[in-house]
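Listed here are the chains, written in short residue letters.
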Amino acid sequence: MDKARLASALGAPSAFGQSQFALTRGNAFEAKVKADGGAELLRLAHARLDPGAAPPEGAAVPDLSAHGPEGRAARTALALREAARAGGWTLLDHPMLALDVAGSLAFLEPDAVVVHPDGSWSVVEIKSFPMLDGSADPSKVGAAARQAAVYVLALEEVAARLDAVPVVRHRILLVCPKDFSNLPAASAVDIRKQRAVTARQLTRLTRIEEIARTLPEGTCFAPDRGAEELTEAVAAVPATYAPECLSACELAFHCRERSREEGAVTRLGRPLRAELGGLTTVEDVLAAAHGEQGDPDDPAVAALRRAAALRAEALASAEPPARAEALTDAAHREVAPCP
Ligand code: SF4
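Predicted model, so just to flag it, every value in this text is computed and none were measured.

J.: Looking at this structure, I do not really get the environment of proline 69. What am I missing?
T.: Mapped onto the elements of the fold, proline 69 is located in helix α4 (residues 68-86). Among the residues examined, proline 69 registers a relative accessible area of 34% and is labelled partly exposed. Put simply, proline 69 and alanine 28 are 41 residues apart on the chain and 24 Å apart in space, counted from C-alpha to C-alpha. Apart from residues lying up to four places away in sequence, proline 69 is in contact with Met96 and Phe107.

Here it is as structure tokens:
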């Protein structure tokens, strides 16, 4: 489903994604990097990923247009196979890849894929965050590496379907603006770890058929349904909202509201949730802190009771507000004459 449309239909439009300004700036930078048949991009790929190969002169840039994502994915697979057989450098601009995610085909569009003269394939990610003195913000590089790892897995599925299996490289090319200019700078990023983690996560995902089997008959997420029906449909799927959802999922505002209503502690952060053990709601936490429920030998319950006792002690010894205000006024008068 289109989660952004679903979020709007639920009355909690997503604020997830880049601003229009950032998108325009990113698109302009990408167009600059790929200008002249990708000459600069291929030069960077040669310099950073494959300096021992022949220089990328006269590289091929095949036309990948086709009808629909399935057609584009088939056209990309064909172009990859032809390029691997032909030798020389080839640039695939916005290829379309397909990846099986929990039993459903997801279509992915990397910024580019480069085919090297030895027939191997590399993913290219073009980002608009700056590379200062040769290095970029590690959290942004990490996010780009995780994204590229998914493309690498999708490329490996394409490679597995070919007779002569080409190598999918596990070092990707990250291209960013150099310092604060709009000139491109690039570095090779090793994504082996991210690839292994993503592959493991993909195999552990619950299959979509299994999730669907647990839903009430007739559950439908089509965004043209009424808000009430959609709220009921979304509520039928278990969700554990955490603050990280805000930067990763279009349904974050809806799930946050639902989590608030349920008093779930996960909305305050996963580390806190882990510390609280079996206490999953704010109500349970308060009851445990006030000695109304919970096993006193449970370390979380004992820590909560200690914290509640300290708080009560601190409040009992605090000055009443009026007295505190008077003290503050007196202190101000004391300090006022000082130059
Ligand atoms: S719990 Fe988080 S990831 Fe799951 S649907 Fe809600 S916002 Fe998205």
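J.: What is the right way to read the site of the ligand from this model?
T.: Ala239, Thr240, Tyr241, Cys245, Cys249, Leu251, Ala252 and Cys255 make up every residue found near the ligand. Residue composition of the shell around the ligand, by class: seven nonpolar, one polar and no charged.

J.: I keep staring at the sheet that holds strand β4 (residues 112-115) and nothing clicks. Help me out?
T.: Within a sheet, neighbouring strands are paired by backbone hydrogen bonds and run either parallel or antiparallel to one another. Reading across from one edge, β1-β4-β5-β6-β7 is the order of the five strands in this open sheet, with mixed pairing throughout. This sheet does not close on itself; its edge strands, each paired only once, are β1 (90-93) and β7 (184-190). Neighbour-to-neighbour, the strand axes of this sheet turn through a mean angle of 25°, independent of strand direction. Of the strands in this sheet, β1, β4, β5 (121-126), β6 (171-177) and β7 are in contact with helix α3 (residues 35-49), which crosses β6 at around 125°.

J.: It is not clear to me how the layout of surface pockets should be interpreted in this structure. Could you clarify?
T.: In this approach, a probe sized like a water molecule rolls over the atoms, and the result shows the empty space that is left. In this model, the second largest pocket occupies a volume close to 180 Å³. Lining the second largest pocket are Arg25, Ala28, Phe29, Lys32, Ser128, Phe129, Pro130, Pro177, Asp179, Phe180, Ser181 and Asn182. For the lining of the second largest pocket, the element with the most residues is helix α2 (residues 20-33), which contributes four residues. In the lining of the second largest pocket, the residues fall into six nonpolar, three polar and three charged.

J.: Is there a simple way to explain the packing of helix α11 (residues 282-289) against helix α12 (residues 299-317) in this structure?
T.: When two helices pack together, their arrangement is given by the angle between the helix axes and the distance between those axes. Two elements in contact, α11 and α12, have axes whose closest approach is 8 Å; the angle formed by their N-to-C orientations is 70°. Taken together, the axes of α11 and α12 lie roughly perpendicular to each other. Where α11 crosses over α12, the two elements pack in a sense that is right-handed. Residues Val285, Ala288 and Ala289 of α11 lie in contact with α12, whose contacting residues are Val301, Leu304, Arg305 and Ala308. When the residues that make up the contact of α11 with α12 are grouped by side-chain class, the tally is six nonpolar, no polar and one charged.

J.: Quick question: what am I supposed to make of the side chain of lysine 34 here?
T.: Turning to its location among the elements, lysine 34 is positioned in the loop between α2 and α3. There is a polar contact of 2.6 Å between the side chain of lysine 34 and the side chain of glutamate 30. In contact with lysine 34, not counting residues within four places along its chain, are Leu41, Asp93, His94, Asp111, Ala112 and Ile126.

J.: I would appreciate a short explanation of the pairing of β5 in the present structure.
T.: Look at any regular strand and the pattern is simple: side chains alternate between the two faces of the sheet. Across the six residues that make up β5, a large majority, six, are buried. Residues Trp121, Val123 and Glu125 of β5 are buried on one face, and the alternating residues Ser122, Val124 and Ile126, pointing to the opposite face, are buried as well. Summarising the sheet, β4 and β5 pair through four bridges and their orientation is antiparallel. In the sheet register, valine 113 faces β5, and the bridge partner there is valine 123. Where β5 and β6 come together, three bridges link them in parallel fashion. Paired with valine 124 across the bridge in β6 is leucine 173.

J.: Mind showing me how you'd approach the nonpolar core here?
T.: Grouped burial of nonpolar side chains is what soluble globular proteins tend to show. Counting residues in hydrophobic clusters, the biggest one holds 35 residues, and the most contacted among them are Leu80, Trp121, Leu155, Ile172 and Leu174. Breaking this core down by element, the ones donating at least two residues are α4, β2 (97-101), β4, β5, α5 (138-160), β6 and β7. At 12 residues, α5 tops the list of elements feeding residues into this core. The contacts of isoleucine 172, once residues within four sequence positions are left out, are Leu49, Val123, Glu125, Ala148, Val152, Ser187, Ala188, Val189 and Ile191.

Basis of the calculations
- Residues numbered from 1 in each chain as written.
- Predicted model: local features only at pLDDT ≥ 70, side-chain atom pairs only at ≥ 80, totals over all residues.
- Heavy atoms only, no water.
- Helix = DSSP H or I, 4+ residues; strand = E, 2+ residues; numbered from the N terminus.
- Buried < 20%, exposed > 50% of the residue type's maximum accessible area, 1.4 Å probe, protein only.
- Contact = heavy atoms within 4.5 Å.
- Near = heavy atom within 4 Å.
- Nonpolar A, V, L, I, M, F, W, Y, C, P; charged D, E, K, R; others polar.
- Pairing = 2+ DSSP bridges.
- Axes fitted to C-alpha atoms, helices over the stretch in contact; angles between N-to-C directions.
- 1 Å grid on protein atoms, 1.4 Å probe; cavity = no way out; pocket = protein on both sides within 12 Å on 5 of 7 lines; lining within 4 Å.
- Points joined across faces, edges and corners; volume = space filled by probe spheres on them.
- Parallel < 35°, antiparallel > 145°, perpendicular 65-115°, else oblique.
- Left-handed = near helix turned anticlockwise from the far one by under 90°.
- Polar contact = N/O pair within 3.5 Å; in protein donor to acceptor, adjacent residues only side chain to side chain.
- Core = buried A, V, L, I, M, F, W, Y, C linked by side-chain atoms within 4.5 Å.

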